[in-house]
Amino acid sequence: MLAFYFLIWWHFLVMIMVIMIISGIVSFLFPRFPSFIILLASGFTGYLYSLFINGEALAFIIITINIVVSMIPILLVRYVLFLQRKAMEMENSGTSFSDR
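In this text the structure is predicted, and so the values were computed from the model without any measurement.

## So, the overall build of the protein
No. 1: Looking only at helices and strands, the protein has 4 helices and 0 strands in total.
No. 2: Secondary structure elements of the protein, listed N to C terminal, follow the sequence α-α-α-α.
No. 3: Within the protein, buried positions represent 26% of all 100 residues.
No. 4: A separation of at least 24 residues holds for 69% of the contacts in the protein among residues at least 6 apart in sequence.
No. 5: Carbon and sulfur atoms form 78% of the exposed surface of the protein, whose accessible area is close to 7,500 Å².

Next comes the structure, spelled out in structure tokens:
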């Protein structure tokens with residue numbers, strides 16, 4: 001039964017994947033770009049999607065899912081950039097984990 005719903009609403013899953021990819025790429029290529037703008041854009045995309053499928057009653061749920069799903073790659077990219085910056089700082093200071 002669940003597979004039947006995936007066949008009907010396959011475009012929702014595609015939208016989720018596209019939003020994850022775009023938000024990850026934007027936050028990686030432009031690390032100083034504000035995250036809340038990406039989150040607002042993904043929420044607006046969810047609202048437009050709910051209008052597209054004539055599911056205005058589902059708008060809140062779809063917007064929430066889009067925002068949460070968009071936060072995952074943003075946080076992952078921010079974490080990777082933080083680790084990269086810390087590794088460069090450790091490399092420049094000449095310390096390693098074995099020295100501590």
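## Some points on the nonpolar core
No. 1: One finds Phe 12, Met 15, Ile 16, Ile 19, Tyr 49, Ile 53, Ile 62 and Val 69 forming the largest nonpolar core, which totals 8 residues.
No. 2: Elements that contribute at least two residues to this core include exactly helix H2 (10-29) and helix H4 (59-93).
No. 3: Counting residues per element, this core draws most heavily on H2, at 4 residues.
No. 4: The residues touching Ile 19, leaving out its near neighbours within four places in the chain, are Ser 42, Thr 45, Asn 66 and Ser 70.

## Digging into the packing of aromatic side chains
No. 1: Taken as a whole, this structure holds 1 aromatic pair when the rule is applied.
No. 2: Seen from their ring centres, Phe 12 and Tyr 49 are 5.7 Å apart, and the 45° between their planes marks the pair as tilted. With a gap of 37 residues between them, Phe 12 in helix H2 and Tyr 49 in helix H3 (residues 35-52) connect regions that are remote in the sequence.
No. 3: Judged by its relative accessible area of 18%, Phe 12 is buried.

## Considering the pattern of salt bridges
No. 1: On inspection of all chains with the given rule, the structure shows 1 salt bridge.
No. 2: Between Lys 86 and Glu 89 there is a salt bridge whose closest N-O contact spans 3.4 Å. Placement of the pair is Lys 86 and Glu 89 together in helix H4, with a separation of 3 residues, close to one helical turn.

## So, the side chain of Ser 23
No. 1: Take Ser 23: it is sitting in helix H2.
No. 2: Separated by 2.9 Å, the side chain of Ser 23 and the backbone oxygen of Ile 19 make a polar contact.
No. 3: Filtering out sequence-adjacent residues up to four positions away, Ser 23 remains in contact with Ile 38, Ser 70, Pro 73 and Ile 74.

## Quick look at the side chain of Ser 50
No. 1: Relative to the assigned elements, Ser 50 resides in helix H3.
No. 2: Once residues lying within four places of it in the same chain are set aside, the contact partners of Ser 50 are Gly 55, Glu 56, Ala 59 and Ile 62.

## A word on the packing of H2 against H4
No. 1: Running from N to C, H2 and H4 cross one another at 35°; their axes reach a closest spacing of 8 Å. With respect to the hand of their crossing, H2 and H4 are arranged in right-handed fashion. In contact with Phe 12, Met 15, Ile 16, Ile 19, Met 20, Ser 23, Gly 24, Ser 27 and Phe 28 of H2, H4 contributes Ile 62, Ile 65, Asn 66, Val 69, Ser 70, Ile 72, Pro 73, Ile 74, Val 77 and Leu 81.
No. 2: Residues of the contact of H2 with H4, tallied by class, amount to 14 nonpolar, 5 polar and no charged.

Quick notes on the rules
Every chain is numbered independently, its residues counted from 1 as its sequence is written. Residues qualify for local features only when their pLDDT is at least 70, as the model is predicted, and side-chain atom pairs are given and counted only at 80 or more; totals for whole chains, interfaces and linings, by contrast, use all residues. For the side-chain quantities, the full set of heavy atoms in the structure was used; hydrogens and water were omitted. Think of it this way: any DSSP run of H or I at least four residues long counts as a helix, any run of E at least two long counts as a strand, and we number them from the N terminus. Burial here depends on accessible area, computed with a 1.4 Å probe over protein chains only, as a share of the maximum for the residue type. Under 20% is buried, over 50% is exposed, and the range in between is partly exposed. In this analysis, two residues are considered to be in contact whenever any of their non-hydrogen atoms come within 4.5 Å of each other. Throughout, the Shrake-Rupley method with a 1.4 Å probe supplies accessible areas, and for residues the shown protein chains are the sole cover considered. For this analysis, a nonpolar core means a set of buried residues of the types Ala, Val, Leu, Ile, Met, Phe, Trp, Tyr and Cys, connected via side-chain atoms within 4.5 Å. Paired rings are identified among Phe, Tyr and Trp, the last through its six-membered ring, by centres lying within 6.5 Å, and are further divided according to the angle between planes into stacked (under 30 degrees), edge-to-face (over 60) and tilted (the rest). A side-chain nitrogen of Lys or Arg and a carboxyl oxygen of Asp or Glu constitute a salt bridge if their distance falls within 4 Å. As used in this structure description, the phrase polar contact means that two N or O atoms lie within 3.5 Å; if the pair is within protein, one of them must be able to donate a hydrogen and the other to accept it, and residues adjacent in sequence are counted only when both atoms belong to side chains. In this analysis an axis means a line fitted to C-alpha atoms, helices contributing only their contacting stretch, and an angle means the value between N-to-C directions, from 0 to 180 degrees. Handedness of a crossing is defined here by the sense of rotation of the near helix relative to the far one, left-handed for an anticlockwise turn of less than a right angle and right-handed for a clockwise turn. Amino acid classes used here: Ala, Val, Leu, Ile, Met, Phe, Trp, Tyr, Cys and Pro are nonpolar; Asp, Glu, Lys and Arg are charged; the rest, including Gly, are polar.

By themselves, these observations are geometric and do not establish any function.
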